[in-house]
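Examination of the molecular architecture
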Amino acid sequence: MTEKKSEDKKDAPKKSRKTPFWELVIAAAGLFLVVVATGTTLYRAMTEETTPPQIKVSFASSEPSGDGYLVKFRVVNSGNQTAAAVTIEGELKNGTESVETSSATLTYAPANSERRGGLYFSKNPQQFDLQIRATGYEEP
Amino acid sequence: MNSEAKPKRSDTKIFFIHLARAFGGAMLFSFPLLMTMEMWFLGFYMNGWRLTLFTLLTVPLLIGLSYYDGFETTSSVWDDTIDTFVAYAVGFVVSIVLLSLFGVINLQMTIGEIVGKVLIQTIIGSFGAMFAQSLLVGDQEESKESASRKRQASYFGELFLMAVGALFLSMSVAPTEEMILISYRMSDWHTLALIAFTLLLMHAFAYAVEFRGHEKTKSPDKSFLNVFLRFTVVGYAIALLISFYILWTFGSIDDMALAEMLKTTVVLAFPAAIGAAASRFIL
């Protein structure tokens, strides 16, 4: 009895535990993730040329809001560098004469991504010529 | 015969208990960074090479950590490796679930942005999963065994644990704007004072650990100088190196003058040093 007990004790830590099936499955998923994660980031790092932020602002919609009007816009940065503190300016024009300007700041316009925002005007943008553009950014 | 079939099933059951514990650890440790906006932004502007290097370095670190202190008691490098990838998978799931719940990632974003945000958080989550053992202690038997393993840690083993502690604690504040801001506020005298204070703090920890008998082969010489040189100074050097590496990885000190870089590193080395010193207690 006592002999067997001590044998068991000695045996237990030595014997390599058989890895449960599900542990292997989850570990394989983890390995897959590591490989894919490093693979894709490495691939992107190697192939991407660093192009400066290329920001294009486009009009999305306009609607009455509060005392005035809201113009929603979409900002697409097709460069592969992120721009921070992007200032967006919208101008209502009547011919060549500027009627009203509004501005907004986006915290970030990430590389190859899209962000949305809005500008408020007191005059109805539909009665004028609306121009929206990015005026500047900061490197993050 | 009967007893052969049984352990198999209970092994699986035990694994799922450990897995649940790993999820708990991952959430407990990664939520502060999952809720830090600088981390989300890093996801899309972080340098790809550095993220790759960081991910690849995580693997051996986790294997080493698993040896000393994983969510399961392991018996071989193979086991440690498996646990490492399980921890990574757990970190990944936790990041994806929580970032989705917080609305930080959604399907309108490009794949690149989502992947970037998740991958950087996965690293922290996987460390948390691995730390689960020491924080959410379950089995008495197990904690005893890994505790004894830690007690048997060689000098280099101790340094390894210090590095992991430094990495982990500094990582949770490193991406924030405040690291840079604090360094801007500090004069050179402040910097010197912070170095001295950090060393003092580390020494107090090292001294306390020394008398707790963390190391198996206790050196008979516990003189001030001995402990100071073997643990405090080396530990602080590790904290500085880890801080510099983390700041570089996150791109926080790019294009800074050398003096400013050093100052920011000293600032981050403060939490890193606490992590390094405390790791010999906690881990």
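Notes on the structure in this doc start here. Since the model is a prediction, treat every value here as computed from it, not as a measurement.

Hydrogen bonds between backbone atoms are what pair the strands of a sheet, whose relative direction is either parallel or antiparallel. Residue and element names in this part refer to chain A. Spatial ordering of the open sheet is given by S1-S2-S5, a layout of three strands whose pairing is antiparallel. The two strands at the open ends of the sheet, each matched to only one other strand, are strand S1 (55-65) and strand S5 (113-121). The average undirected angle you get between the axes of adjacent strands in this sheet is 20°. As judged from the 10 bridges shared by S1 and strand S2 (residues 68-77), these two strands associate in the antiparallel manner. The residue of S2 that forms the bridge with Phe-59 is Phe-73.

The next point concerns a nonpolar patch on the surface. Residues and elements named next belong to chain B. Together, Phe-31, Met-35, Val-93, Ile-96, Val-97, Leu-101 and Phe-102 give the surface a local cluster of nonpolar side chains, amounting to about 620 Å² of exposed area. Tallying contributions element by element places helix H4 (residues 77-101) first for the nonpolar patch, with four residues. Structurally, Met-35 can be placed in the loop between helix H1 (2-34) and helix H2 (37-45).

With that settled, the discussion passes to the side chain of B:Ser66. Here B:Ser66 lies in helix H3 (residues 48-69). Non-local contacts of B:Ser66, meaning those with residues more than four positions away in its chain, are made with B:Thr74, B:Asp80, B:Asp83 and B:Met130.

Per the stated rule, a full pass over the model turns up six salt bridges over all chains. Of the charged contacts, one joins A:Glu114 and A:Arg116 as a salt bridge, the two residues approaching to 3.1 Å between their closest N and O atoms. As a salt-bridge pair, A:Arg115 and B:Glu113 come within 2.7 Å of each other at their nearest N and O atoms. Note that A:Arg115 is positioned in strand S5 and B:Glu113 in helix H5 (residues 111-135), a pairing that runs across two chains. Under the relative-accessibility criterion, B:Glu113 is labelled buried at 2%.

The angle between the axes and the distance between the axes are what describe a pair of packed helices. Residue and element names in this part refer to chain B. Running from N to C, H3 and helix H7 (residues 155-171) cross one another at 125°; their axes reach a closest spacing of 11 Å. In this view, H3 runs oblique relative to H7, as classed from their interaxial angle. In this structure, the crossing between H3 and H7 has a hand that is left-handed. When H3 is examined against H7, the residues Phe-54, Leu-61, Gly-64, Leu-65 and Tyr-68 are found in contact with a partner set consisting of Gly-157, Phe-160, Leu-161, Val-164, Leu-167 and Met-171. Each residue belonging to the contact of H3 with H7 can be placed in one class, and the counts come to nine nonpolar, two polar and no charged.

We note that A:Ala85 has phi near 45°; this positive angle belongs to a residue other than glycine. Counting through the fold element by element, A:Ala85 comes out in strand S3 (residues 83-94). Of note, B:Asp255 is a non-glycine position whose phi angle comes to about 60°, a positive value. Summarising the element assignment, B:Asp255 is placed in the loop between helix H10 (224-249) and helix H11 (258-282).

What counts, and at which threshold
The residue count restarts for each chain, going from 1 along the sequence in the order it is written. Chain letters and ligand numbers both follow the written order, the letters beginning at A and the numbers at 1. The predicted nature of this model means local features are confined to residues of pLDDT at least 70 and side-chain atom pairs, given and counted, to a pLDDT of 80 or more, with totals for whole chains, interfaces and linings taken over all residues. With hydrogens and water set aside, each side-chain value is computed from the structure's full complement of heavy atoms. At least two DSSP bridges between two strands are needed for those strands to be called paired. Only DSSP runs of H or I with at least four residues qualify as helices, and only runs of E with at least two residues qualify as strands; both kinds are numbered from the N terminus onward. Interaxial angles span 0 to 180 degrees and are taken between N-to-C directions of axes, which are lines fitted to C-alpha atoms, for helices over the stretch in contact. Candidates for patches are residues over 30% relative accessible area with no salt bridge; among them, like charges are joined within 9 Å and nonpolar side chains (Val, Leu, Ile, Met, Phe, Trp, Tyr) within 5 Å. Note on areas: Shrake-Rupley, 1.4 Å probe, and residue coverage restricted to the protein chains presented here. By salt bridge we mean one thing: a side-chain nitrogen of Lys or Arg within 4 Å of a carboxyl oxygen of Asp or Glu. Note on contacts: a residue pair qualifies if any of its non-hydrogen atoms lie within 4.5 Å across the two residues. Relative accessibility decides the category of a residue: with a 1.4 Å probe and only protein chains considered, values under 20% of the type maximum give buried, values over 50% give exposed, and everything between is partly exposed. Throughout this description, any angle smaller than 35 degrees is read as roughly parallel, any larger than 145 degrees as roughly antiparallel, any in the 65 to 115 degree range as roughly perpendicular, and the remainder as oblique. Here is the rule for handedness: rotate from the far helix to the near one, and if that takes an anticlockwise turn smaller than a right angle the crossing is left-handed, while a clockwise turn gives right-handed. Here the nonpolar group is Ala, Val, Leu, Ile, Met, Phe, Trp, Tyr, Cys and Pro; Asp, Glu, Lys and Arg are the charged ones; every other residue, Gly included, is treated as polar.

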